[in-house]
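For reference, the chains in residue letters:
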Amino acid sequence: MSAPAASPTVLPLRRWLLDLGATGVVVIAILLGFWPTFAGGSFLPAAIGGMVLGLAVAGLCAWRRWGILAVAGLTVAAYFVFGGALALPGTTIAGFVPTLETLQRLALGVVTAWKQMLTTVAPVSAADGHLLVPFLLGLVGAVVTASLALRLSTVAWALIPAVLLFVVVIALGTPEPAFPLAQGLAVALVAVVWLA
């Protein structure tokens with residue numbers, strides 16, 4: 001007697017969980033490169049929050065089969081709605097309600113945060129708006145990586161934005177690596193399992 005065929009809903013669910021989980025691990029492992037820049041883990045809530053939002057946007061848009069305009073629109077909306085709470089809490093009401101100052105700094109931060117990160121001597125302060133960089137990289141990195149993984153049959157394409165994210169974190173970080181062995185092993189192991 002032959003084994004019963006797998007349910008058509010089980011395999012896609014497993015694939016979704018694998019793609020989203022692998023994306024999350026890879027993005028966070030890469031963003032850990034900011035540890036010396038912030039002299040600790042003060043950036044982690046912003047980075048993890050951005051990554052989770054990115055996974056949610058990518059997952060929702062892939063599930064609903066929405067196109068690139070919807071993905072971009074939801075990413076921008078997530079940035080402005082949650083950016084104050086995760087990256088600029090000092091400008092919000094009660095720590096999460098965005099104010100006009102919050103929205104203004106979020107809008108300008110897309111352009112100016114990178115320059116501030118490059119020109120400030122490490123360790124940088126989380127209170128000075130520097131959290132915008134790990135938040136934005138977590139958000140965009142997760143959206144692009146997870147979107148490619150969920151929509152394309154070959155996962156290898158999803159590793160391209162992850163590699164670009166790694167390059168950006170190295171360029172914005174300090175010469176002192178954070179956890180090079182742990183980061184490299186985590187990314188390599190996840191990539192090998194993911195590709196398999």
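Shown above is the structure to which this text applies.
Just so it is clear, the model here is predicted, and its values are computed rather than measured. (Residues numbered from 1 in each chain as written. Predicted model: local features only at pLDDT ≥ 70, side-chain atom pairs only at ≥ 80, totals over all residues. Heavy atoms only, no water.)

Enquirer: Now, about the overall build of the protein: what can you tell me, with residues and values included?
Expert: Along the protein, the regular secondary structure elements total eight helices and zero strands. Its helices and strands in sequence order give the protein the pattern α-α-α-α-α-α-α-α, from N to C terminus. The C-alpha radius of gyration computed for the protein amounts to 18 Å, which stays within 12% of the reference 16 Å derived for 196 residues, consistent with globular compactness. When its C-alpha atoms are laid out on the principal axes, the protein stretches across 65 × 40 × 25 Å. (Helix = DSSP H or I, 4+ residues; strand = E, 2+ residues; numbered from the N terminus. Rg over C-alpha atoms; globule rule 2.2 N^0.38 Å.)

Enquirer: Please provide a residue-by-residue account of the side chain of Thr-99, values included.
Expert: With respect to the secondary-structure elements, Thr-99 resides in the loop between α4 (68-87) and α5 (100-119). Excluding anything up to four places from it in sequence, Thr-99 contacts Thr-91, Thr-92 and Ile-93. (Contact = heavy atoms within 4.5 Å.)

Enquirer: Summarise the packing of aromatic side chains; cite the residues concerned and give the values.
Expert: Aromatic rings considered in pairs are described by the distance between their centres and by the relative angle of their planes. Here the structure, examined in full by the defined rule, presents six aromatic pairs. On the basis of an interplanar angle of 75° and a centroid distance of 6.3 Å, the ring pair of Phe-34 and Phe-43 is categorised as edge-to-face. In terms of burial, Phe-34 and Phe-43 fall into one category: buried. Grouped by ring-pair contacts, the aromatic residues Phe-34, Trp-35, Phe-38 and Phe-43 constitute a single cluster. Arg-64 extends its terminal NZ or CZ atom over the ring of Trp-63, reaching a point 5.4 Å from the ring centre. (Phe/Tyr/Trp six-rings, centres within 6.5 Å; stacked < 30°, edge-to-face > 60°. Buried < 20%, exposed > 50% of the residue type's maximum accessible area, 1.4 Å probe, protein only. Lys NZ or Arg CZ within 6 Å of the ring centre and 35° of its normal.)

Enquirer: So what's going on with α4? Which residues, and what values?
Expert: In an α-helix, one turn spans 3.6 residues; hence positions three or four apart end up facing the same way. Taking the largest bend as the criterion, α4 deviates by roughly 40°, centred on Val-81. If you check which residues of α4 are buried, you get Val-71, Thr-75, Ala-78, Tyr-79, Gly-83, Gly-84 and Ala-87. Looking at the buried side of α4, the elements it contacts are α3 (44-64), α5 and α6 (132-151). (Bend = angle between axes of the 7 residues up to and from the residue.)

Enquirer: So, the side chain of Thr-92: which residues are in play, and what are the values?
Expert: Here Thr-92 shows up in the loop between α4 and α5. Looking at Thr-92, its side chain comes within polar contact range of the main-chain oxygen of Pro-89, at 2.7 Å. Reaching out from Thr-92, the side chain makes a polar contact with the backbone nitrogen of Gly-95 at a distance of 3.3 Å. When neighbours within four sequence positions are excluded, Thr-92 is seen to be in contact with Gly-84, Ala-85, Val-97, Pro-98, Thr-99 and Thr-102. (Polar contact = N/O pair within 3.5 Å; in protein donor to acceptor, adjacent residues only side chain to side chain.)

Enquirer: Give me the lowdown on helix α7 (residues 159-172), citing residues and values where you can.
Expert: The end-to-end C-alpha separation of α7 is 20 Å, in line with the 20 Å expected for 14 residues at 1.5 Å each. Here α7 has its buried residues at Leu-159, Pro-161, Ala-162, Leu-165, Val-169 and Leu-172. The arc that holds the buried residues of α7, viewed along the axis, is 155°, so those residues lie on one side. Across from the buried face of α7, at angles greater than 90 degrees, the exposed residues are Val-163, Leu-164, Ile-170 and Ala-171. (Expected span 1.5 Å × (residues − 1). Arc of directions from axis to C-beta.)

Enquirer: Explain the packing of α6 against α7 to me, and be specific about the residues and the numbers.
Expert: One can describe the packing of α6 onto α7 by two numbers: an axis separation of 9 Å at closest approach and a directional angle of 165°. Of the possible angle classes, the one that applies to α6 and α7 is roughly antiparallel. As for the relative orientation of α6 and α7, their crossing is right-handed in sense. Residues Val-133, Leu-137, Val-144, Thr-145 and Leu-148 of α6 lie in contact with α7, whose contacting residues are Pro-161, Ala-162, Leu-165, Val-168, Val-169 and Leu-172. Taken together, the residues that form the contact of α6 with α7 break down as 10 nonpolar, one polar and no charged. (Axes fitted to C-alpha atoms, helices over the stretch in contact; angles between N-to-C directions. Parallel < 35°, antiparallel > 145°, perpendicular 65-115°, else oblique. Left-handed = near helix turned anticlockwise from the far one by under 90°. Nonpolar A, V, L, I, M, F, W, Y, C, P; charged D, E, K, R; others polar.)

Enquirer: How would you sum up a nonpolar patch on the surface? Please name residues and give values.
Expert: A surface patch of nonpolar side chains, amounting to about 410 Å² of accessible area, comprises Leu-152, Trp-157, Ile-160 and Leu-164. Looking at where Leu-152 falls in the secondary structure, it is placed in the loop between α6 and α7. (Patch = residues over 30% accessible without salt bridge, like charges linked within 9 Å, V, L, I, M, F, W, Y side chains within 5 Å. Areas by Shrake-Rupley, 256 points an atom, 1.4 Å probe, with all protein chains shown as cover. Salt bridge = Lys/Arg side-chain N within 4 Å of Asp/Glu carboxyl O.)

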